[in-house]
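# Examining the three-dimensional arrangement
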Amino acid sequence: MLSIPRFATLFLLPLLFFVQLTGGACIPKRAGVAPALSGNAVTFGAGTYPRATRLSNGNLLGAYTSTSNGENIINIVISTNNGASWQAQGVATRGVGDIDNPFPIQLSSGRVLVAFRNHSKDANGNYTFFRITVCFSDDLGKTWQFLSQPASDPAGPNGNWEPFMRLSNANVLQLYYSRENSKTDQDSLLRTSTDGGATWSTAAVISGGELSGNRDGMLGVATCGTGQPLVAIFETVPVGGQFSVWSVRSTDDGKTWGDRRQVYQPTGTNNNAGAPQIICVGGTTLVASFMTDEDTSAHQWPQQAAMKILTSNDGGITWGHKTTAFAVPGFWPGLLTLDSTSFLALADHNGAKAQKIVLN
Ligand SMILES: *[C@@H]1O[C@H](CO)[C@@H](O)[C@H](O)[C@H]1NC(C)=O
Ligand SMILES: *[C@@H]1O[C@H](CO)[C@@H](O)[C@H](O)[C@H]1NC(C)=O
């Protein structure tokens, strides 16, 4: 038995009682694992592929793609009320070509970056050049300039797709994206930058390198903090098969990756689950999102997909509590942590929308 001096017990008891009465005011509430939709979805923007990040001033900065007069536009939106509503903030770039897949992030300097795919096509609509381009803004997304082109490849099978950025524990900017090696083989790559995205390392393969004939793509990355693994989530499709969701993990902040395991296999037959993202809520719960056409028998992928989420409280080993965030049509989903118990689900649901979800 622990020998606690009696005077200490006398001192501690009223304190415990006080914490209970006040709901443990100074102890942050831990996120649960059971998702519940909170309120109605709000408009994020008139377009598709919504993504968002938290700024250091507490506002939320979002990006999405729209098209107008033959141009693609990377739109920037802002929310000053924790995602309850969004307003136009600026345009990161616009141009003729296959310009899409925006992903915003703020650096510790305060500068904001957006990475996006920036592909050229010829008059027949055939790809001629593939690029991942990064633009920057020093006024929180109002005005933008070109910064760098971390990946570029002439057409052939060499597509570069779906950039995702995060800052490592050592404040190194990491850029993850997917690159085709052939029509049936695609890998997840990582480049790093120690000068705020101006110059980039060579690319390291973090998933798919050992597999030819698997298309790994559309990845997102999250960790629940120091001592917890980094989990990269992605879709993969074997030749002639269907999309499902997988993950790899890193215990050294992104230097090495392994432990490839399946996160989600769609129900039914010949159904798909893909386009995943991942966040941590409350320092304990990983939330994964994806889109799946398992709810209809239409086999129209991705138009007949719904956005669903899963949660894990063991670092992404086991997943459960499947919940629909956006019914059909809900595609190209994204996620953003709001606070220690809630997050936003983002998807193209007849335009880019944001749905608050609480973890109980
Ligand atoms: C795409 O990349 C090209 C080549 O670097 C660049 O000139 C162009 O401005 C980029 N397009 C957009 C829309 O940013
Ligand atoms: C380019 O587009 C045309 C018209 O759609 C098509 O017939 C042709 O095969 C394409 N070329 C290549 C190299 O893919």
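Residues numbered from 1 in each chain as written. Chains lettered and ligands numbered in written order. Predicted model: local features only at pLDDT ≥ 70, side-chain atom pairs only at ≥ 80, totals over all residues. Heavy atoms only, no water.

## Here's the deal with the site of ligand 1
Neighbouring ligand 1 are Thr93, Arg94, Ile99, Phe116, Asn118, Arg131 and Gln149. Thr93 places a side-chain nitrogen or oxygen 2.9 Å from an oxygen atom of ligand 1. Asn118 places a polar side-chain atom, nitrogen or oxygen, 2.3 Å from an oxygen atom of ligand 1. Relative to its unbound accessible area of 360 Å², ligand 1 is 62% covered by the protein chains. Secondary structure elements with two or more residues in the shell around ligand 1: β5 (87-95) and β7 (112-121). In terms of residue class, the shell around ligand 1 is made up of two nonpolar, three polar and two charged. (Near = heavy atom within 4 Å. Polar contact = N/O pair within 3.5 Å; in protein donor to acceptor, adjacent residues only side chain to side chain. Areas by Shrake-Rupley, 256 points an atom, 1.4 Å probe, with all protein chains shown as cover. Helix = DSSP H or I, 4+ residues; strand = E, 2+ residues; numbered from the N terminus. Nonpolar A, V, L, I, M, F, W, Y, C, P; charged D, E, K, R; others polar.)

## What to know about the environment of Ala84
Tracing the backbone shows Ala84 in the loop between β4 (71-79) and β5. Since its relative accessible area comes to 46%, Ala84 is described here as partly exposed. Apart from residues lying up to four places away in sequence, Ala84 is in contact with Val42 and Ser79. (Buried < 20%, exposed > 50% of the residue type's maximum accessible area, 1.4 Å probe, protein only. Contact = heavy atoms within 4.5 Å.)

## Some details on the layout of surface pockets
To find the voids left in a structure, one rolls a probe of water-molecule size over its atoms. Taken as a whole, the largest pocket holds about 590 Å³ of empty space. Counting only elements with at least two residues in the lining of the largest pocket, the list comes to β2 (48-54), β6 (98-106), β10 (160-167), β14 (214-223), β18 (273-281) and β22 (331-337). Of the residues contributing to the lining of the largest pocket, the split by class is 14 nonpolar, five polar and three charged. Its volume calculated, the second largest pocket comes out at about 290 Å³. Along the wall of the second largest pocket there are 16 residues; nearest its centre are Glu162, Met218, Glu235, Phe243 and Trp332. Looking at the lining of the second largest pocket, the elements that each hand over two or more residues are β6, β10 and β14. Here the lining of the second largest pocket gets three residues from one element, more than from any other, and that element is β14. (1 Å grid on protein atoms, 1.4 Å probe; cavity = no way out; pocket = protein on both sides within 12 Å on 5 of 7 lines; lining within 4 Å. Points joined across faces, edges and corners; volume = space filled by probe spheres on them.)

## Concerning the packing of aromatic side chains
Geometrically, a pair of aromatic rings is defined through the distance of the ring centres and the angle of the planes. Evaluated as defined, the whole model comprises 11 aromatic pairs. Aromatic pair Phe44 and Trp86: ring centres 4.6 Å apart, planes at 55°, arrangement tilted. Here Trp86 lies in the loop between β4 and β5 and Phe44 lies in strand β1 (residues 35-45), a separation of 42 residues in the sequence. Comparing Phe44 with Trp86, the two get one shared label, buried. (Phe/Tyr/Trp six-rings, centres within 6.5 Å; stacked < 30°, edge-to-face > 60°.)

## A word on the pattern of salt bridges
This model, assessed by the stated rule, comprises 13 salt bridges. The salt bridge involving Asp138 is made with Arg111; its shortest N-O contact spans 2.8 Å. Linking Asp138 in the loop between β8 (127-137) and β9 (145-154) with Arg111 in the loop between β6 and β7, this pair joins segments that are 27 residues apart in sequence. One salt bridge connects Glu294 with Lys322, and the closest N-O pair in it is separated by 2.8 Å. Within this pair, whereas Glu294 is found in the loop between β19 (285-292) and β20 (306-312), its partner Lys322 is found in strand β21 (residues 320-326), the two being separated by 28 residues in sequence. (Salt bridge = Lys/Arg side-chain N within 4 Å of Asp/Glu carboxyl O.)

These figures come from the coordinates and say nothing about function on their own.
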